[in-house]
Amino acid sequence: MSPTPTSVIIADDHQVVREGLATILSAVDGVHVAGMAADGAQAVDLAVEHEADVVLMDLHMPGTDGVEATRRLKTERPATAVVVLTTYTDDDSILAALEAGATGYLTKNASAADIHRAIKAAVSGHTMLDPLAAARLIHASRRNDPGHPRKDATLPDGLTEREGQVLGLIAQGLSNAEIAARLYLSRSTVKTHINQIFTKTGSRDRPQAIVYAHRHGIHTEEDPAQRNR
């Protein structure tokens, strides 16, 4: 028996964008486009009606915008993940979407493969950030804390230095496996650190932890090997 396909709602106020995304996703194995919405209110209704796994959500739409729709979905159907697909990469838009409960954040320059990966990540409860969005959050965090990376004694809410490093890498959109490789830790150790981070910061999930890192200026310095690529 083949696995149940991932049910996706596409929300965008431009018909050509909705239809283009539907065409792209309809060609992807394991993805079913359950409906298309022209605004956030319709997206919520369709997600509830079809018990959708994921909503691919534009941010700026007439009436109910993507942020408010995401917030409503987290109340009315928490099981539905939201992946933002937008042209906006300013700090306020990114943080508003993540605070509302979005699991992924992509720009409309994303490829079909990027969108598919973000949908798969969202269904698995993981976060995928567009590299530009992640970079904006990192730079914003450095503005909040322009000095050197925080030491253990100055981290808020009892976070240890290692937990601060892990949180900074979460804020860059890195997966558990990528964090483990960067810090030379086992995946189980990374998972333990993340559970502690969630408990200490009161974060429900990775998006909330990313917002917390931004608010408190917590970042991990970029790996020189990555920077020189």
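The preceding data block contains the structure.
The subject of this paragraph is the sheet that holds strand S3 (residues 54-57). Whether parallel or antiparallel, the strands of a sheet pair through hydrogen bonds between backbone atoms. Read from one edge of the open sheet, six strands run S2-S1-S3-S4-S5-S6, paired in parallel fashion. Each edge of the sheet is formed by a strand with only one pairing partner; in this case those strands are strand S2 (31-37) and strand S6 (128-129). As paired strands, strand S4 (residues 81-86) and strand S5 (residues 104-107) are joined by four bridges and run parallel to one another. Bridge assignment links Val 84 to a residue of S5, and that residue is Tyr 105. The sheet contacts of helix H1 (residues 15-26) involve strand S1 (6-11), S2, S3 and S4, and relative to S2 the element is tilted by about 170 degrees. Helix-sheet contacts for helix H3 (residues 66-76) involve S3 and S4, and the interaxial angle to S3 is about 165 degrees.

Let's shift gears to the side chain of Arg 77. Its place among the elements puts Arg 77 in the loop between H3 and S4. Nearest to the buried, unbridged Arg 77 among oppositely charged side chains is Glu 51, at 5.0 Å. A polar side-chain atom of Arg 77 sits 3.1 Å from the main-chain carbonyl oxygen of Glu 51. Each residue touching Arg 77, except ones within four places of it in the same chain, is listed here: Ala 47, Val 48, Glu 51, Ala 52 and Arg 72.

Right, let's talk about the environment of Gly 101 for a bit. Position of Gly 101 among the secondary structure elements: in the loop between helix H4 (91-100) and S5. The class of Gly 101 is buried, set by a relative accessible area of 2%. For Gly 101 and Pro 207, which are 106 residues apart along the polypeptide, the C-alpha to C-alpha distance reads 6.9 Å. For Gly 101, the contacting residues outside a window of four places in its chain are Thr 70, Lys 74 and Arg 204.

How each quantity is defined
- Residues numbered from 1 in each chain as written.
- Predicted model: local features only at pLDDT ≥ 70, side-chain atom pairs only at ≥ 80, totals over all residues.
- Heavy atoms only, no water.
- Pairing = 2+ DSSP bridges.
- Helix = DSSP H or I, 4+ residues; strand = E, 2+ residues; numbered from the N terminus.
- Contact = heavy atoms within 4.5 Å.
- Axes fitted to C-alpha atoms, helices over the stretch in contact; angles between N-to-C directions.
- Buried < 20%, exposed > 50% of the residue type's maximum accessible area, 1.4 Å probe, protein only.
- Lys, Arg positive; Asp, Glu negative; His and termini not counted.
- Salt bridge = Lys/Arg side-chain N within 4 Å of Asp/Glu carboxyl O.
- Polar contact = N/O pair within 3.5 Å; in protein donor to acceptor, adjacent residues only side chain to side chain.

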